[in-house]
Amino acid sequence: KAGVTQTPRYLIKTRGQQVTLSCSPISGHRSVSWYQQTPGQGLQFLFEYFSETQRNKGNFPGRFSGRQFSNSRSEMNVSTLELGDSALYLCASSPGTSGRDTQYFGPGTRLTVL
Amino acid sequence: DAKTTQPPSMDCAEGRAANLPCNHSTISGNEYVYWYRQIHSQGPQYIIHGLKNNETNEMASLIITEDRKSSTLILPHATLRDTAVYYCIVRVAEGGGGADGLTFGKGTHLIIQP
């Protein structure tokens, strides 16, 4: 079974621009969670989508948003990019029907903001 | 979710067993212990999880103390490819759903020496 895929793998943007990242979950998984990883803050939870609805949200500003499609694929968007948004963005998928579900991570998208 | 304490780094000789400790003294009765690892700049990889009984899979063994206040991840025959940051996470896992974000600490940087 194919794993979680993320596109693009690398991205360079400038301050003020916006960016959209994509995540395709493991086949059959309906939950997609997004995380940001920076050297200073480590891995932090952004939000989780299940059945096209945001079900949980971390402590990030409204510039960070996401959506999920009927095929469970998810996108996250960051508007008005800041230098501090440079990070590895990870998505994780799980079946989503139980709190005991294990989350499986993709390889990440490395975003650099200049 | 309860917090965990892990040593920042450990060394282990190739071919020997690597024993990674984790303290979770405030764990609640409904919280599972999860272990993930992250090889440099890749997405975290799920290793194993457990509630109160010891668990074993093809990657590792998880030993949880009887009082559940600490656990040890054991890699039985460490190889150079096991060099990574290992994260111990405790999370509530009950109810019918809701993939709350995983709370990652700083983890243990395990270095396998040739």
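Residues numbered from 1 in each chain as written. Chains lettered and ligands numbered in written order. Predicted model: local features only at pLDDT ≥ 70, side-chain atom pairs only at ≥ 80, totals over all residues. Heavy atoms only, no water.

Participant: Looking at this model, I keep getting lost on the overall build of chain A. Mind explaining?
Facilitator: For chain A, the helix and strand inventory stands at 0 helices and 11 strands. Seen in sequence order, chain A has helices and strands lined up from the N terminus as β-β-β-β-β-β-β-β-β-β-β. Relative to the compact-globule value of 13 Å for 114 residues, chain A shows a C-alpha radius of gyration of 13 Å, a close match. Overall, the C-alpha framework of chain A stretches about 40 × 25 × 25 Å when taken along its three principal axes. Across the 114 residues that make up chain A, the buried fraction comes to 52%. (Helix = DSSP H or I, 4+ residues; strand = E, 2+ residues; numbered from the N terminus. Rg over C-alpha atoms; globule rule 2.2 N^0.38 Å. Buried < 20%, exposed > 50% of the residue type's maximum accessible area, 1.4 Å probe, protein only.)

Participant: What should I look at first to understand the layout of surface pockets in this one?
Facilitator: One way to see where empty space is left: roll a probe the size of a water molecule over the atoms. Roughly 470 Å³ of internal volume is contained in the largest pocket. Forming the walls of the largest pocket are 21 residues, and the residues nearest its centre are Gln37(A), Thr38(A), Pro39(A), Gln38(B) and Tyr87(B). In terms of residue class, the lining of the largest pocket is built from 8 nonpolar, 11 polar and 2 charged. As a volume, the second largest pocket reaches approximately 230 Å³. In terms of lining residues, the second largest pocket is bounded by 15 residues, among which Thr4(B), Thr5(B), Phe104(B), Gly105(B) and Lys106(B) are the most central. (1 Å grid on protein atoms, 1.4 Å probe; cavity = no way out; pocket = protein on both sides within 12 Å on 5 of 7 lines; lining within 4 Å. Points joined across faces, edges and corners; volume = space filled by probe spheres on them. Nonpolar A, V, L, I, M, F, W, Y, C, P; charged D, E, K, R; others polar.)

Participant: Explain the environment of Ser24(A) here, please?
Facilitator: All names here are of chain A. Mapped onto the fold, Ser24 is located in strand 3 (residues 19-24). When the C-alpha positions of Ser24 and Val4 are compared, they lie 5.8 Å apart, and in sequence the two are 20 residues distant. Setting aside chain neighbours within four positions, we find Ser24 in contact with Gly3, Val4, Thr5 and Arg73. (Contact = heavy atoms within 4.5 Å.)

Participant: I tried to follow the confidence of the model for chain B on my own but got confused; where do I start?
Facilitator: If pLDDT is low for a region, its predicted coordinates should not be looked at in detail. Overall, the predicted model of chain B reaches an average pLDDT of 91, with 91% of residues at or above 70. Of all helices and strands in chain B, the one with the weakest mean pLDDT is strand 8 (residues 84-92) of chain B (92), whereas strand 2 (residues 18-23) of chain B scores best (98). (pLDDT = per-residue confidence, 0-100.)

Participant: Mind showing me how you'd approach unusual backbone geometry here?
Facilitator: With the exception of glycine, most residues fall at negative phi, and the peptide bonds are largely trans. All names here are of chain A. At the junction of Thr7 and Pro8, the peptide bond is cis and its omega measures out at -10° in the coordinates. By the secondary structure assignment, Pro8 is in the loop between strand 1 (5-7) and strand 2 (10-13). Non-glycine residue Ser51 carries a positive phi angle of around 50°. With respect to the helices, strands and loops of the structure, Ser51 is situated in the loop between strand 5 (42-50) and strand 6 (53-57). For Ser51, a relative accessible area of 33% puts it in the partly exposed group. Of note in this structure, Ser72 is not a glycine but carries a positive phi near 80°. Tracing the sequence through the fold places Ser72 in the loop between strand 7 (64-68) and strand 8 (74-78).

Participant: Would you explain the sheet that holds strand 6 (residues 61-64) of chain B in this entry?
Facilitator: Sheet strands line up and pair through hydrogen bonds in the backbone, either parallel or antiparallel. Residues and elements named next belong to chain B. Read from one edge of the open sheet, 4 strands run 2-7-6-5, paired in antiparallel fashion. Of all strands in the sheet, those with a lone pairing partner are strand 2 and strand 5 (55-56), marking the two edges. Of the pairings in the sheet, the one linking strand 6 to strand 7 (residues 70-75) comprises 4 bridges and is antiparallel in character. Bridging from a neighbouring strand, Ser61 pairs with Ile74 of strand 7. (Pairing = 2+ DSSP bridges.)

Participant: Help me understand the pairing of strand 3 of chain A in this model?
Facilitator: If a strand is regular, its side chains alternate between the two faces of the sheet. Residues and elements named next belong to chain A. Bridge analysis of strand 1 against strand 3 gives 3 bridges, and the strand direction is antiparallel. Bridged to Thr7 within strand 3 is Ser22. Bridge count for strand 3 against strand 8 is 5 bridges, and the pairing is antiparallel. Its bridge partner lying in strand 8, Val19 is registered against Val78.

Participant: Looking at this structure, I do not really get the pairing of strand 5 of chain A. What am I missing?
Facilitator: All names here are of chain A. The buried fraction of strand 5 is high, at 7 of 9 residues. Once strand 4 (residues 31-38) ends, the chain turns through 3 residues before running back antiparallel as strand 5. Bridge count for strand 5 against strand 6 is 4 bridges, and the pairing is antiparallel. Counted as the bridge partner of Phe47 is Lys57 from strand 6. Here strand 5 folds back onto strand 6, and the loop between the two strands holds 2 residues, one of which, Ser51, carries a positive phi near 50°.

Participant: So what exactly am I meant to see when it comes to the sheet that holds strand 9 (residues 108-113) of chain B here?
Facilitator: Residues and elements named next belong to chain B. Judged by pairing direction, the sheet is mixed, and its 5 strands sit side by side in the order 1-9-8-3-4 without closing on themselves. One side of each edge strand has no neighbouring strand; the edge strands of this open sheet are strand 1 (9-13) and strand 4 (45-50). Across the sheet, the mean angle separating the axes of adjacent strands is 25° when strand polarity is ignored. Where strand 3 (residues 31-38) and strand 8 come together, 8 bridges link them in antiparallel fashion. In the sheet register, Tyr32 faces strand 8, and the bridge partner there is Arg91. (Axes fitted to C-alpha atoms, helices over the stretch in contact; angles between N-to-C directions.)

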